[in-house]
Amino acid sequence: MKVAVFSTKAYDRQFLEAANAPKQHDLVFFEPRLNQDTAILAAGFPAVCVFVHDQVDAATLEILASRGTRLIVLRCAGFNNVDLKAANKLGVNVVRVPAYSPYGVAEHAVGLILSLNRKIHRAYNRVREGNFALDGLLGFNINGRTVGIIGTGKIGLILGQIMKGFGCRLLAYDVYHNPEMLALGGEYVELPELFANSDIISLHCPLMPQTHHLINAEAIEQVKPGVMLINTSRGALIHTQAVIEGLKTGKIGSLGVDVYEQESELFFEDLSGEIIQDDIFQRLTTFPNVLITGHQAFFTEDALRNIAETTLNNIADIEQGRSCPNEIRYQPEVEAKVLVS
Ligand code: NAD
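Residues numbered from 1 in each chain as written. Predicted model: local features only at pLDDT ≥ 70, side-chain atom pairs only at ≥ 80, totals over all residues. Heavy atoms only, no water.

An unreviewed UniProt entry lists the protein under the name D-isomer specific 2-hydroxyacid dehydrogenase, catalytic region, with Trichormus variabilis given as the organism. In its Sequence similarities (unreviewed entry) section, the UniProt entry covering the protein states "Belongs to the D-isomer specific 2-hydroxyacid dehydrogenase family." (UniProt positions renumbered as here; feature names shortened; annotations may be inferred.)

J.: With reference to specific residues and values, describe the site of the ligand.
T.: In the vicinity of the ligand there are 24 residues, among which Lys 154, Ile 155, Asp 174, Thr 232 and Asp 258 approach most closely. At 2.8 Å from an oxygen atom of the ligand is found a main-chain nitrogen or oxygen belonging to Ile 155. Between the ligand and the protein, one listed contact pairs a nitrogen atom with a backbone N or O atom of Thr 232 at 3.0 Å. In the complex, the protein chains occlude 84% of the 860 Å² of accessible area that the ligand would expose alone. Of the residues contributing to the shell around the ligand, the split by class is 11 nonpolar, nine polar and four charged. (Near = heavy atom within 4 Å. Polar contact = N/O pair within 3.5 Å; in protein donor to acceptor, adjacent residues only side chain to side chain. Areas by Shrake-Rupley, 256 points an atom, 1.4 Å probe, with all protein chains shown as cover. Nonpolar A, V, L, I, M, F, W, Y, C, P; charged D, E, K, R; others polar.)

J.: Any details on the sheet that holds strand 5 (residues 93–95)? Residues and values, ideally.
T.: Strand order in the open sheet formed by five strands is 2-1-3-4-5, and the pairing between neighbours is parallel. If you trace the sheet from one side to the other, it starts and ends with strand 2 (26–29) and strand 5, each paired once. Shown here is a sheet whose adjacent strand axes are inclined to one another by a mean of 20 degrees, direction ignored. Note that strand 4 (residues 71–74) and strand 5 share three bridges and pair parallel. Considered in strand 5, the bridge of Ile 72 is made with Val 94. With respect to the sheet, helix 12 (residues 301–319) is in contact with strand 1 (2–5), strand 2, strand 3 (47–50), strand 4 and strand 5, its orientation differing from that of strand 4 by roughly 160 degrees. (Pairing = 2+ DSSP bridges. Helix = DSSP H or I, 4+ residues; strand = E, 2+ residues; numbered from the N terminus. Axes fitted to C-alpha atoms, helices over the stretch in contact; angles between N-to-C directions. Contact = heavy atoms within 4.5 Å.)

J.: Can you explain unusual backbone geometry? Please cite residues and give values.
T.: Although it is not a glycine, Lys 119 adopts a positive phi angle of roughly 55 degrees. Topologically, Lys 119 is positioned in the loop between helix 4 (102–118) and helix 5 (120–128). The backbone of His 213 shows a phi angle near 50 degrees, a positive value even though the residue is not glycine. Structurally, the position occupied by His 213 is in the loop between strand 9 (200–203) and helix 9 (217–222).

J.: I'd like a description of the UniProt feature "domain: D-isomer specific 2-hydroxyacid dehydrogenase catalytic" (unreviewed entry) in the protein, backed by residues and values.
T.: This chain's UniProt record puts "domain: D-isomer specific 2-hydroxyacid dehydrogenase catalytic" (unreviewed entry) on residues 3–328. Spanning residues 3–328, this segment combines 36% helix with 15% strand, and its end C-alpha atoms are found 19 Å apart.

J.: Explain the nonpolar core to me, and be specific about the residues and the numbers.
T.: Within the largest apolar cluster, 52 residues are counted, with the highest numbers of intra-cluster contacts made by Leu 34, Val 48, Ile 72, Leu 74, Val 94 and Tyr 100. Sorting elements by how many residues they give to this core places helix 12 first, with seven residues. Those residues in contact with Val 94 that sit more than four places away from it in its chain are Ile 72, Leu 74, Val 82, Leu 84, Ala 87, Asn 326, Glu 327 and Ile 328. One finds Leu 171, Leu 203, Val 243 and Leu 284 within the second-largest nonpolar core, a separate group that totals 34 residues. (Core = buried A, V, L, I, M, F, W, Y, C linked by side-chain atoms within 4.5 Å. Buried < 20%, exposed > 50% of the residue type's maximum accessible area, 1.4 Å probe, protein only.)

J.: Explain the sheet that holds strand 6 (residues 146–150) to me, using residue names and the numbers behind them.
T.: Read from one edge of the open sheet, seven strands run 8-7-6-9-10-11-12, paired in parallel fashion. Each edge of the sheet is formed by a strand with only one pairing partner; in this case those strands are strand 8 (187–188) and strand 12 (290–292). As paired elements, strand 10 (residues 227–231) and strand 11 (residues 252–257) share five bridges and run parallel to each other. Bridge pairing in strand 11 links Ile 230 to Gly 256. Against the sheet, helix 6 (residues 154–165) contacts strand 6, strand 7 (169–173) and strand 9, and its axis sits at roughly 170 degrees relative to strand 6.

Put into structure tokens, the structure is as follows:
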């Protein structure tokens, strides 16, 4: 099938071309993000392949559909950037990659925990400048500490397994109690209890209306003083301004984030040398006890291979008229739109 691939980076091209060698789809790579202005690039392409920051809204879908597009191929899990109702109305199928990197994301969360605790990001710079002083680098033993995991699906469970290996007590919060987390010794508690007793809190639930700004001023009041907060899930789970206040008072001891509410303006692009206009993000970067990565938790070879293979299999399923297990169907009865990606 002829596929217009938007938001292409060199690594997308490398993994998609490798996976496409035996399949021979006609992939054409475009660097820009898909939106109403760039949709014209896909004229005559029956399939359009997109990632998390592409805008597949109703207006964009209308332009695509009017020029022959019949399939939207997400190379990610979340579909909050796709207007499914409009796609359904226009007869455009939507497919995705539901899971590609649970180990990669959980391991990245552990990386943030270890770096923040032992100040490895600061030690790296100090040693390069010939500063071997230890002042300000004091950490704590992870062993014996309590980790609160919010969302115990694929990624949260793996984080629990890893932290169990460190000798941690696991507190968990989820609307569904995962038997594997219980078997691991995880104790499901309500949020106030998790907030009050956790030394480290890590977020692994989807972004949806119920979880939007889950970590707000009220939650921060309830946490253990000096708590470490980790977010590799979605930026808007955290009310960033409230977290900044918590960092300023010391209530939050450290913050590690791979996601940020306004990240679509920043992440995945090289903006070095430009003046960043987002003052909230810039304030975050000034704290020595804040570690930010630019949505790279998923970014492992294994994940990119998996994304590429699943994406091309999804295209083949639809092209050959087979039912595709990864097709997302518009469900009018589902009112609460899940905002994961
Ligand atoms: P998953 O669907 O396996 O698990 C999500 C869990 O959250 C489920 O157990 C679900 O019951 C729970 N949940 C739903 N509503 C909840 C609520 N109101 N409160 C608490 N828990 C709730 O998903 P996953 O694969 O483990 O992914 C978790 C999140 O990680 C995704 O939503 C996505 O936002 C994020 N993610 C980030 C990256 C990255 O690169 N940073 C990559 C992949 C996924």
